[in-house]
Every structure is written in structure tokens, then in C-alpha cells.
Amino acid sequence: KEDVEWLILEVKDGKALVISKYALDCQPYNTSYTNVTWETCTPRKWLNNNFINAAFSADEKAMIPTVTVSADKNPDYSTNPGNATQDQVFLLSITEANKYFSSDSARQCKPTDYAVTNGAYVNSSNGNCWWWLRSPGYSQTSAARVSGGGFVFEDGIAVFSTDALRPALWIDLNS
């Protein structure tokens, strides 16, 4: 196991929104090539079960509230974003990636050794990886992502492709 470093994106109403500084794993957005949304994708299940149970102690998990995760639309395409979900851990949407990171360079992310072992692409010039967003891409069989250069790629890529994961979550600061 590697320690997880977190970046604070926002503090609001006694809670802090954080995202992992590094990409922690590499997975397909969905294990099968089918119409999919954040609500039904493979990483959502993994983040809210395997990941949260492996990464946090019982006391730490008690500080991570279940929140409504919006089904943000893709600003460039009319692809169905699905329904809002109730999650403890999630991926950022296109809207959130643009809101919380002020530039492409701020969105750039390096993968952990674990993510590389699981297939994360590493750009040879800067060591950065591509990472998934929860928003749909240009079709129901694609998902948006952030490039190694930090560009938000609204078109996305086929859901069975693999990209890195940067978990995001809210922490209750009053716990």
C-alpha cells in the first residue's frame, strides 16, 4: 500500500472536497462495451467498495459522508449523463474539473507505481497520465477524461479503454 496524498479543492459547510494528488489505479470506465453512465459504470462500484475499504480505517470512513453526486451533462454533447447518485467516493465531472482546476497545468497528474502496474499510460515527456471523469463523452459508449497535458477531453474515449483514477470525496471536518 502507498499513502494517499490529497489536494483540497473546496471547503464548504464544515466539509472539505478532496481529490487524490496522484492517479491511484488504472481501470476501464466499464468492463463491457455498452451504453453506460456514472451510475452504472465499473469504477463507481470499485471506488465505493474495494477502494474505500482498503484505503481508510473505520474511523476515517466515518468522516466520509454519503453525498449526492450530480449527473452533470457534457457541455459539448447531448449525451445522457444518467441520474444523480449517492456515493462516498466519486470521480470529478467535466464541470468540476474545470471549476476546481484553474488551468491545464493544474489538472496534470502523475500516476502511482500501482496505477502504472495496472496499465496507466505514462507520457514519456512529462510523466503524466490520462485520468477519467464521470461525465459521458460524445456517445453513451464513451466517457470524458483529462489528458496527460491537463486538457479536458470532452469527446472521451470508448468505455472499455483504460485510464487512471483520481478518487474524490468530501470529508466531514466536524467528525
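Residues numbered from 1 in each chain as written. Predicted model: local features only at pLDDT ≥ 70, side-chain atom pairs only at ≥ 80, totals over all residues. Heavy atoms only, no water.

Let us look at the side chain of Thr141. Looking at the element boundaries, Thr141 is found in the loop between strand E7 (131-136) and strand E8 (142-146). Look at Thr141 and you get buried, because its relative accessible area is 14%. A polar atom in the side chain of Thr141 sits 3.3 Å from the side chain of Tyr33. Among all residues touching Thr141, those that are not within four sequence positions of it are Tyr33, Thr34, Asn35, Ile157, Ala158 and Val159. (Helix = DSSP H or I, 4+ residues; strand = E, 2+ residues; numbered from the N terminus. Buried < 20%, exposed > 50% of the residue type's maximum accessible area, 1.4 Å probe, protein only. Polar contact = N/O pair within 3.5 Å; in protein donor to acceptor, adjacent residues only side chain to side chain. Contact = heavy atoms within 4.5 Å.)

Here we take up the pairing of strand E2 (residues 15-20). A large share of E2 lies buried, amounting to 5 of its 6 residues. Bridging between strand E1 (residues 6-12) and E2 involves 6 bridges; their strand directions are antiparallel. Each bridged residue has a counterpart across the sheet, and for Lys12 the counterpart in E2 is Lys15. For E2 and strand E11 (residues 168-172), the ladder comprises 5 bridges, and the chain directions are antiparallel. Bridged to Leu17 within E11 is Trp170. (Pairing = 2+ DSSP bridges.)

To continue, consider helix H1 (residues 42-55). A rise of 1.5 Å per residue sets the reference length of H1, with its 14 residues, at 20 Å; its end C-alpha atoms lie 18 Å apart and thus fit the reference within 8%. The largest bend in H1 is about 30°, located at Asn48. Every buried residue of H1 is listed here: Thr42, Pro43, Arg44, Trp46, Leu47, Asn48, Phe51 and Ile52. (Expected span 1.5 Å × (residues − 1). Bend = angle between axes of the 7 residues up to and from the residue.)

A few words on the packing of aromatic side chains. Summed over the entire model, instances satisfying the criterion amount to 8 aromatic pairs. Ring geometry for Tyr33 and Phe160: centres 4.9 Å apart, planes at 80°, overall edge-to-face. Of the two residues, Tyr33 is situated in the loop between strand E3 (25-28) and H1 and Phe160 in the loop between strand E9 (152-158) and strand E10 (162-165); the sequence distance between them amounts to 127 residues. Since its relative accessible area comes to 47%, Phe160 is described here as partly exposed. (Phe/Tyr/Trp six-rings, centres within 6.5 Å; stacked < 30°, edge-to-face > 60°.)

Let us look at the sheet that holds strand E6 (residues 89-90). Judged by pairing direction, the sheet is antiparallel, and its 4 strands sit side by side in the order E1-E2-E11-E6 without closing on themselves. Among the strands making up the open sheet, the edge pair consists of E1 and E6.

Among soluble globular proteins, nonpolar side chains are generally buried collectively. With 44 residues, the main nonpolar core has Tyr29, Trp38, Phe90, Trp131 and Leu133 as its most contacted residues. By residue number, the principal contributor to this core is H1, which donates 4 residues. Other than its neighbours up to four places away in sequence, Leu133 contacts Tyr29, Leu91, Leu92, Ser93, Ile94, Ala97, Ala144, Arg145, Val146 and Val152. (Core = buried A, V, L, I, M, F, W, Y, C linked by side-chain atoms within 4.5 Å.)

So, about the state of the cysteines. By definition, a disulfide links two cysteine residues through a covalent bond between their sulfur atoms. Applying the stated rule across the entire model yields 0 disulfides. Cys129 supplies the cysteine sulfur nearest to Cys109, a cysteine that is in no disulfide, at a spacing of 4.4 Å. With a relative accessible area of 0%, Cys129 lands in the buried category. (Disulfide = S-S within 2.5 Å.)

Next up on the list: a nonpolar patch on the surface. Residues Ile8, Val11 and Leu173 make up a contiguous nonpolar surface patch of roughly 310 Å² in combined accessible area. We classify Ile8 as exposed; its relative accessible area is 62%. (Patch = residues over 30% accessible without salt bridge, like charges linked within 9 Å, V, L, I, M, F, W, Y side chains within 5 Å. Areas by Shrake-Rupley, 256 points an atom, 1.4 Å probe, with all protein chains shown as cover. Salt bridge = Lys/Arg side-chain N within 4 Å of Asp/Glu carboxyl O.)

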